[in-house]
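# Coordinate inspection notes
Residues per chain, in single letters:
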Amino acid sequence: IASTALSDEDVNLRVAAVRVLADGTVLRGLAGLDEPPQGAGSRTPSTVRQAAQQRLAQLIDAGQVDLAAICSGPGGLSRSLNVAALCADASRLREVLARIDDPAELARLAVEGPSSRVRQAAAAGIEDPARLHELLPRVRGRDKSVYKLIKQKCDVLVAAQRQADEDARESVAVCESLERHGART
């Protein structure tokens, strides 16, 4: 099966072979997570790579492959995002994104992520008000769901700021009123 998946034969035959591969260097190499295995062509067709990523996602969902091991492999977090996004359990993608501690990388993924699911999850993980306001015009017209998510977050921040401003004005007014009242007596 592995030799068929690695061969230069018909892509459909290769995809069928990939769909039954067990985890290992061949599957991970075809998915783009490891160096291409010995015997692989110079370039893996995108349909074969996608099938390998889907197969890895199935194995992760079945508990046969540890997602943490894939994230810490040579492909790193950026390549493992594609696999995590294909998992049936959405928490897998959040698990990978939680490992990203660079806010600029999350912002980049919110704009340029490989799939809408990745972009949405990355946007959901951004909490910095300045970064959210900076991202809003960048995602407009690119991904409607990401724009809507960031817009909602910005609207909540603006409403909270308005409420804080209003509370501050009321506090000042009450203090001034108490000072005037205290000055009369």
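Scroll up a little and you will see the structure.
What counts as what
- Residues numbered from 1 in each chain as written.
- Predicted model: local features only at pLDDT ≥ 70, side-chain atom pairs only at ≥ 80, totals over all residues.
- Heavy atoms only, no water.
- Salt bridge = Lys/Arg side-chain N within 4 Å of Asp/Glu carboxyl O.
- Helix = DSSP H or I, 4+ residues; strand = E, 2+ residues; numbered from the N terminus.
- Buried < 20%, exposed > 50% of the residue type's maximum accessible area, 1.4 Å probe, protein only.
- Core = buried A, V, L, I, M, F, W, Y, C linked by side-chain atoms within 4.5 Å.
- Contact = heavy atoms within 4.5 Å.

### Structural notes on the pattern of salt bridges
For the structure on display, the rule yields eight salt bridges. When the shortest N-O distance is used, the salt bridge between R108 and E105 registers 2.8 Å. One end of the pair, R108, and the other, E105, are both in helix α8 (residues 103-112), three residues apart, so they sit about a helical turn from each other. Note on R108: relative accessible area 31%, which makes it partly exposed. A salt bridge links E134 to R138, with the shortest nitrogen-to-oxygen separation between them at 2.9 Å. Of the two residues, E134 and R138 are both situated in helix α10 (residues 129-139); the distance of four residues between them amounts to about one turn of the helix. Residue classification places R138 among the partly exposed positions, given a relative accessible area of 34%. Each of the salt bridges in this network shares a partner with another, and the network as a whole consists of E105, R108 and E112.

### A few points about the nonpolar core
Formed by 49 residues in total, the largest nonpolar core has its most connected members in V18, L30, L93, L97 and I150. Broken down by element, the residue count for this core peaks at seven residues, all from helix α4 (residues 46-61). Beyond its immediate chain neighbours, meaning those up to four positions away, I150 contacts A123, L132, L135, L136 and V139.

### Considering the side chain of T44
Within the element layout of this structure, T44 appears in the loop between α3 (25-30) and α4. Given the relative accessible area of 7%, T44 is considered buried. If we ignore the near neighbours within four places in the chain, the residues touching T44 are L30 and R49.

### Notes on the environment of A160
Here A160 is to be found in helix α11 (residues 144-184). Residue class for A160 comes out partly exposed when judged on its relative accessible area of 46%. With 48 residues separating them in the primary sequence, A160 and E112 have C-alpha atoms 29 Å apart.

The quantities given are spatial measurements derived from coordinates; they are silent on function.
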